[in-house]
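Now for the letters of each chain:
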Amino acid sequence: MNAITSAERTRLTAPTEFLDYETDAVQAFIDHAVADRAADERRLAVELYYAVRDDVFYEVYGADLSPEGLRASHVAAGRKGFCLHKSVLYAAVCRAVGIPARLHYGDVRNHLASDRLRSHIGGDVFFHGLNTVYLNGTWVKATPVFNKILCRLYGMKPLEFDGTADSVHHPFDEEGNKNMEFVADHGDFDDVPYTFIMSQMRRKHPRFLDGDGTVRGGSLAAEATG
């Protein structure tokens, strides 16, 4: 067990510039996602996980990476984005119901991607966002990123989460082949480290960027079937 102090709990359940859960858009998302806000924290964390995973479509093309675009309220309203967006929304909705939550970043190899996307990324190592949430006295990793439909298109098993064990990456595809692994861990952050994220993206994936967003003119779902 790794107990946190009351001061830490207060800090890690507070709204921030990016985790703006007091907004109407985020509150409406929570109302749609959970049956009872008074339920126990593990149940709430699981319900919110599946809402973010499957009700926010995973799309990398034309994604808004401006400060506004990476706010939880923007993601909740638009219901679209990739790991950087979806992890922000999950942290915000967890905090809104009293669950301490943080952003977590790393580099992964063999991420869900088409050949075209890999050419934009510049290889098979991707900068990746996920979460850590504090449940039952311990920190658990959660990755509410790849929605069920997209996983099916790419022959991957969707990541499940029960609120007790880490849900981190897709180690194998549906055929049993090794599919994804972490190659670097950048740790936890209380709020979106915007300058750090953009410096990582510009340094590692310059061809993927178009100003304060990502390249347009593609669809990850279409590229899975094209």
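Let me sum up the structure you'll find in this document. It should be emphasised that the depicted structure is a prediction, and the values quoted were computed from it without experimental measurement.

In this section: the overall build of the chain. The number of helices and strands found in the chain is nine helices and eight strands. Here the C-alpha coordinates of the chain stretch approximately 45 × 40 × 30 Å along the principal axes. Here the analysis covers contacts within the chain between residues at least 6 apart in sequence; of these, 69% occur between residues at least 24 apart. If you sum the accessible surface of the chain, you get close to 9500 Å²; carbon and sulfur atoms cover 48% of it. Averaging the coordinates of the 25 positive side-chain charges in the chain and doing the same for the 32 negative ones gives two points 3 Å apart.

We now examine the sheet that holds strand β5 (residues 138-142). Read from one edge of the open sheet, four strands run β5-β4-β3-β6, paired in antiparallel fashion. Every other strand in the sheet has two partners, leaving β5 and β6 (181-189) as the edge strands with one partner each. Geometrically, the sheet is characterised by an average inter-axis angle of 30° between neighbouring strands, direction not taken into account. Looking at chain direction, strand β3 (residues 101-109) and β6 are connected through seven bridges and run antiparallel. Counted as the bridge partner of Asp107 is Ala184 from β6. Strands in contact with helix α5 (residues 83-96) are β3, β4 (125-135) and β5; relative to β4, the strand with the most contacts, it is inclined by about 10°.

When you line up the elements, Leu153 lands in helix α7 (residues 148-153). Note: C-alpha distance between Leu153 and Val88 (65 residues apart in sequence) is 25 Å. Setting aside chain neighbours within four positions, we find Leu153 in contact with Ala221, Ala224 and Thr225.

Time to look at the packing of aromatic side chains. Under the defined criterion, the tally for this structure stands at 11 aromatic pairs. Aromatic pair Tyr49 and Tyr50: ring centres 5.1 Å apart, planes at 80°, arrangement edge-to-face. Using a relative accessible area of 0% as the deciding quantity, one classes Tyr49 as buried. Among the residues examined, Tyr50 registers a relative accessible area of 24% and is labelled partly exposed. Members of the aromatic cluster, connected to one another through ring pairs, are Tyr49, Tyr50, Tyr90 and Phe161. The side chain of Arg71 reaches across the aromatic face of Phe18, ending 5.8 Å from its centre. Residue placement shows Arg102 over the ring face of Trp139; its charged tip is 3.5 Å from the ring centre.

Its place among the elements puts Ile30 in helix α2 (residues 24-33). The exposure class of Ile30 is buried, given its relative accessible area of 0%. Note: C-alpha distance between Ile30 and Ala76 (46 residues apart in sequence) is 9.3 Å. If sequence neighbours within four positions are ignored, Ile30 has contacts with Arg37, Leu48, Val93, Ala96 and Val97.

The buried fraction of β3 amounts to eight of the nine residues, a majority that puts the element mostly inside the structure. When β3 meets β4, the two strands line up antiparallel, connected through nine bridges. Among the inter-strand pairings, Tyr105 is bridged to a residue of β4, identified as Gly129.

Within this structure, the stated rule accounts for 15 salt bridges. For Arg71, the salt bridge identified is with Glu68, shortest N-O distance 2.7 Å. Relative accessible area serves as the criterion here: at 40%, Glu68 is assigned to the partly exposed category. Salt bridges sharing common partners tie together Glu17, Glu68 and Arg71.

Position of Arg95 among the secondary structure elements: in helix α5. Buried within the structure, Arg95 lacks any salt-bridge partner; its nearest side chain of opposite charge belongs to Asp190, at an N-O separation of 4.9 Å. Setting aside residues up to four positions removed in sequence, Arg95 forms contacts with Arg11, Leu12, Thr13, Ala14, Thr16, Leu19, Tyr21, Ala101 and Asp190.

Right, let's talk about the nonpolar core for a bit. The biggest cluster of nonpolar side chains holds 70 residues, and the ones touching the most others in it are Phe82, Leu84, Tyr90 and Phe161. Element by element, the count of residues in this core is highest for α5, at nine residues. What Leu84 contacts, discounting residues up to four positions off in sequence, is Leu65, Leu70, Tyr105, Phe127, Gly129, Ile197 and Met201.

What counts, and where the lines are drawn
- Every chain is numbered independently, its residues counted from 1 as its sequence is written.
- Per-residue local features are limited, in this predicted model, to residues with pLDDT of at least 70; the limit for side-chain atom pairs, both in listing and counting, is 80 or more; totals at the level of whole chains, interfaces and linings are taken over all residues.
- Heavy atoms throughout the structure, all of them, feed into the side-chain values; hydrogens and water do not.
- Only DSSP runs of H or I covering at least 4 residues are called helices, and only runs of E covering at least 2 are called strands; the numbering of each starts at the N terminus.
- Any pair of residues with heavy atoms lying within 4.5 Å of one another is described as a contacting pair.
- To be clear on the numbers: accessible area is Shrake-Rupley with a 1.4 Å probe, and residue cover counts the displayed protein chains and nothing else.
- His is not counted, nor are the chain ends, whereas Lys and Arg count as positive and Asp and Glu as negative.
- Charge coordinates come from a single atom per side chain, which is NZ of Lys, CZ of Arg, CG of Asp or CD of Glu.
- One requirement defines pairing of two strands: DSSP has to find at least two bridges between them.
- As a rule, the C-alpha atoms of each element are fitted with a line to give its axis, helices using only the stretch in contact, and angles between N-to-C directions run from 0 to 180 degrees.
- Between the rings of Phe, Tyr and Trp (Trp by its six-membered ring), a pair exists once the centres lie within 6.5 Å; its type follows the angle of the planes, with under 30 degrees stacked, over 60 edge-to-face, and the other angles tilted.
- A 1.4 Å probe rolled over the protein chains alone gives each residue an accessible area, and that area as a share of the maximum for its type sets the label: buried under 20%, exposed over 50%, partly exposed in between.
- Sitting over a ring, as applied to charges here, requires NZ of Lys or CZ of Arg to be within 6 Å of the ring centre and within 35 degrees of the ring normal.
- Salt bridges, as used here, are contacts in which a Lys or Arg side-chain nitrogen is within 4 Å of a carboxyl oxygen on Asp or Glu.
- Residues enter a nonpolar core if they are buried and are Ala, Val, Leu, Ile, Met, Phe, Trp, Tyr or Cys, with the set joined through side-chain atoms within 4.5 Å.

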